[in-house]
Amino acid sequence: MTRREVRDSAFKIIYQSLLRDDTAEELFEAAIESEEIPVDDDVKLMVKDVLSKAPQLDEMITKFSKKRTFPRIAKINVAILRIAFYEILFNDRIPTNAAIKEAVVLAQNYSQKEDVAFINGVLGAYSRSSEVSDSENEGN
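Model, not experiment: these values are computed from the prediction.

Regarding the pattern of salt bridges
Two side chains with opposite charge may pair up if their charged atoms get near one another. If you walk through the whole model with that rule in mind, you get nine salt bridges. Each of Arg3, Arg4, Arg7, Glu87 and Glu102 takes part in salt bridges that share partners, so that together they form one network.

Points about the nonpolar core
Grouped burial of nonpolar side chains is what soluble globular proteins tend to show. Counting 43 residues, the largest nonpolar core has Ile13, Phe85, Ile119 and Leu123 as its most contacted members. Among the elements of the structure, helix H1 (3-19), helix H2 (24-34), helix H3 (41-52), helix H4 (54-64), helix H5 (75-90), helix H6 (96-110) and helix H7 (113-128) are those that each provide at least two residues to this core. The greatest single-element share of this core, amounting to ten residues, is contributed by H5. Setting aside anything within four residues of it in sequence, one finds Ile119 in contact with Asn77, Ile80, Leu81, Ala103, Ala107 and Ser111.

Topic: the packing of aromatic side chains
Under the counting rule described, the total for this entry stands at six aromatic pairs. Aromatic side chains Phe85 and Tyr126 sit 5.5 Å apart centroid to centroid with 85° between the ring planes, which places their arrangement in the edge-to-face category. On the criterion of sequence distance, the pair formed by Phe85 in helix H5 and Tyr126 in helix H7 is long-range, its members being 41 residues apart. Neither Phe85 nor Tyr126 differs from the other in exposure class; each is buried. One aromatic cluster in this structure is built from Phe11, Tyr15 and Tyr110. The cationic tip of Lys53 hangs over the ring face of Phe90; the distance from NZ or CZ to the ring centre is 5.0 Å. Directly above the ring of Phe118 sits Arg68, whose terminal nitrogen or CZ lies 4.1 Å from the centroid.

So, unusual backbone geometry
Positive phi is not limited to glycine here, since Glu35 has a value of about 60°. Note on placement: Glu35 falls in the loop between H2 and H3.

Side note on the packing of H1 against H3
Where H1 contacts H3, the axes come no closer than 9 Å and their chain directions differ by 45°. Looking at the two axes, H1 sits oblique to H3. The interaxial crossing formed by H1 with H3 has right-handed handedness. Each of Arg3, Val6, Arg7, Ser9, Ala10, Ile13, Ile14 and Ser17 in H1 lies in contact with H3, whose residues at this interface are Asp42, Val43, Met46, Val47, Val50 and Leu51.

Points about a negative patch on the surface
Together, Asp21, Glu26, Glu29 and Glu33 line one region of the surface with negative charge. In this structure, Asp21 sits in the loop between H1 and H2.

Reading the values: the criteria
- Residues numbered from 1 in each chain as written.
- Predicted model: local features only at pLDDT ≥ 70, side-chain atom pairs only at ≥ 80, totals over all residues.
- Heavy atoms only, no water.
- Salt bridge = Lys/Arg side-chain N within 4 Å of Asp/Glu carboxyl O.
- Core = buried A, V, L, I, M, F, W, Y, C linked by side-chain atoms within 4.5 Å.
- Buried < 20%, exposed > 50% of the residue type's maximum accessible area, 1.4 Å probe, protein only.
- Helix = DSSP H or I, 4+ residues; strand = E, 2+ residues; numbered from the N terminus.
- Contact = heavy atoms within 4.5 Å.
- Phe/Tyr/Trp six-rings, centres within 6.5 Å; stacked < 30°, edge-to-face > 60°.
- Lys NZ or Arg CZ within 6 Å of the ring centre and 35° of its normal.
- Axes fitted to C-alpha atoms, helices over the stretch in contact; angles between N-to-C directions.
- Parallel < 35°, antiparallel > 145°, perpendicular 65-115°, else oblique.
- Left-handed = near helix turned anticlockwise from the far one by under 90°.
- Patch = residues over 30% accessible without salt bridge, like charges linked within 9 Å, V, L, I, M, F, W, Y side chains within 5 Å.
- Areas by Shrake-Rupley, 256 points an atom, 1.4 Å probe, with all protein chains shown as cover.
- Lys, Arg positive; Asp, Glu negative; His and termini not counted.
- Charge placed at Lys NZ, Arg CZ, Asp CG, Glu CD.

Rendered as structure tokens:
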């Protein structure tokens, strides 16, 4: 699977986790049974990591969301933002700007039109903040 395919599958499973009270393993089983969401070891790793770091990721979403409080953010957008902040904060192989671009692609594919700008705005606010070093944005 390509990195984008892994991200797409992980997004769908993470979104389901926001709607259901299932364990990660139950979510993987449901995805595999449906045959609509490809699941491999990379997808499982990303999903488990994002779910385990959800409180930290949600804190970042809350901090940089100037227009909406966390409870008012659509769950589909929470899933996209969790993946983006996970890649920005915990994956050294993905530059910040690339993670933002990929989040925008997910939003264009799955969110409402106005949500694309919201997601880009939250991540853009982070990328302009003092929390980002110049080296995080290199390679774009």
